[in-house]
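So you can see what is in the structure, the chains are spelled out below.
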Amino acid sequence: MKSVLVIGAGKFGHHLAEYLCEMDNDVMLADKKESIINEYSDNVTTAEIGDFTVKSNLEALGVSDYDYVFVCVGDFQDSLVITDYLKELGAGFVIAKATSPIHEKFLLKNGADRVVYPERDYAYRMAVEYNNSSIFDFFQLNDETGIFEISPPRSWAGKTLAKINVRKIHGISVIAYRAGDKIIPINSPDYVFSEREHIIVMGNKNDINKIAR
């Protein structure tokens with residue numbers, strides 16, 4: 001169980017808080033609008049109303065006690081102020097939501113440990129997935145690398161991981177396969193590929209696109 005503070009109960013923030021709570025985390029949802037907090041307070045562990053661009057209000061939340069603090073405030077200036085105060089008050093790990101590239105840049109300058117840009121990130125994920133019919137899911141690690149769920153090439157069917165020598169020849173790592181709803185790690189070079197299974201691979205996006213066709 002993690003202790004999490006989510007500041008900003010808009011569309012992104014309240015969904016994030018509710019999902020984290022459903023996953024058995026201890027979640028406080030905070031927002032300056034009483035009507036919003038009243039609407040979502042029953043779906044999280046605790047909720048707090050206040051203007052958290054005021055440092056003393058933020059300090060009263062005990063921000064240093066949380067494993068993660070999410071800043072989900074849409075207003076450009078407010079999110080920068082809150083992020084800056086959080087780091088001054090000793091918040092351990094701050095994840096801030098950006099609404100534009102310049103917003104992302106300034107959040108990082110103000111001390112955010114990580115910045116998420118939901119609209120851009122989800123749009124890119126959709127572009128990757130629907131660009132290639134053999135890619136079923138995708139998680140971006142950085143600009144060049146990701147983890148992909150793909151169908152193995154037909155030429156791999158019936159052959160072992162060792163025989164194909166995927167890492168040396170294709171520059172990617174095969175880390176697991178999907179069996180129904182379960183992801184099973186591949187720990188042996190004797191794993192035999194099947195056309196009916198999806199595999200989970202990690203590597204450069206260009207290298208993976210070459211085999212996922």
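Residues numbered from 1 in each chain as written. Predicted model: local features only at pLDDT ≥ 70, side-chain atom pairs only at ≥ 80, totals over all residues. Heavy atoms only, no water.

(A) Seen up close, helix α5 (residues 101-109). Of the positions making up α5, those classed as buried are His103, Glu104 and Leu107. The buried residues of α5 occupy one face: seen down the axis, they fall within an arc of 100°. Set apart from the buried face of α5 by more than 90 degrees, the exposed residues are Pro101 and Lys109. Backbone geometry just downstream of α5 places glycine 111 in the positive-phi region, at approximately 110°. (Buried < 20%, exposed > 50% of the residue type's maximum accessible area, 1.4 Å probe, protein only. Helix = DSSP H or I, 4+ residues; strand = E, 2+ residues; numbered from the N terminus. Arc of directions from axis to C-beta.)

(B) Quick look at the sheet that holds strand β8 (residues 145-150). What the 5 strands build is an open sheet, ordered β7-β8-β11-β9-β10; its pairing is antiparallel. Whereas interior strands pair on both sides, the edge strands pair on one side only; in this sheet they are β7 (135-140) and β10 (182-185). Here the strands of the sheet are splayed against their neighbours by 25° on average, with no regard to which way each runs. Pairing between β8 and strand β11 (residues 198-204): 6 bridges, direction antiparallel. Across the sheet, threonine 145 pairs through a bridge with asparagine 204, a residue of β11. (Pairing = 2+ DSSP bridges. Axes fitted to C-alpha atoms, helices over the stretch in contact; angles between N-to-C directions.)

(C) Focus on the pattern of salt bridges. A complete count under the given rule lists 5 salt bridges for this structure. Across the pair glutamate 149 and arginine 178 runs a salt bridge, and its minimum N-O distance is 2.9 Å. Here arginine 178 lies in strand β9 (residues 173-179) and glutamate 149 lies in strand β8, a separation of 29 residues in the sequence. Look at glutamate 149 and you get buried, because its relative accessible area is 8%. (Salt bridge = Lys/Arg side-chain N within 4 Å of Asp/Glu carboxyl O.)

(D) Looking closely at the nonpolar core. In terms of nonpolar packing, the biggest core is built from 23 residues, with Leu5, Ile7, Leu58, Leu61, Val63, Ile82 and Leu86 touching the most fellow members. Among the secondary structure elements, those contributing two or more residues to this core are β1 (3-7), β2 (26-31), β4 (68-71), α4 (76-88) and β5 (94-97). Looking at this core element by element, the count peaks at 3 residues for α4. When sequence neighbours within four positions are dropped, the list of residues in contact with isoleucine 7 reads Ala30, Phe52, Leu58, Val69, Phe70, Val71, Cys72, Val73, Ile82 and Leu86. Listed in part, the 20 residues of the second largest apolar core include Ile164, Val166, Ile199 and Ile211. (Core = buried A, V, L, I, M, F, W, Y, C linked by side-chain atoms within 4.5 Å. Contact = heavy atoms within 4.5 Å.)

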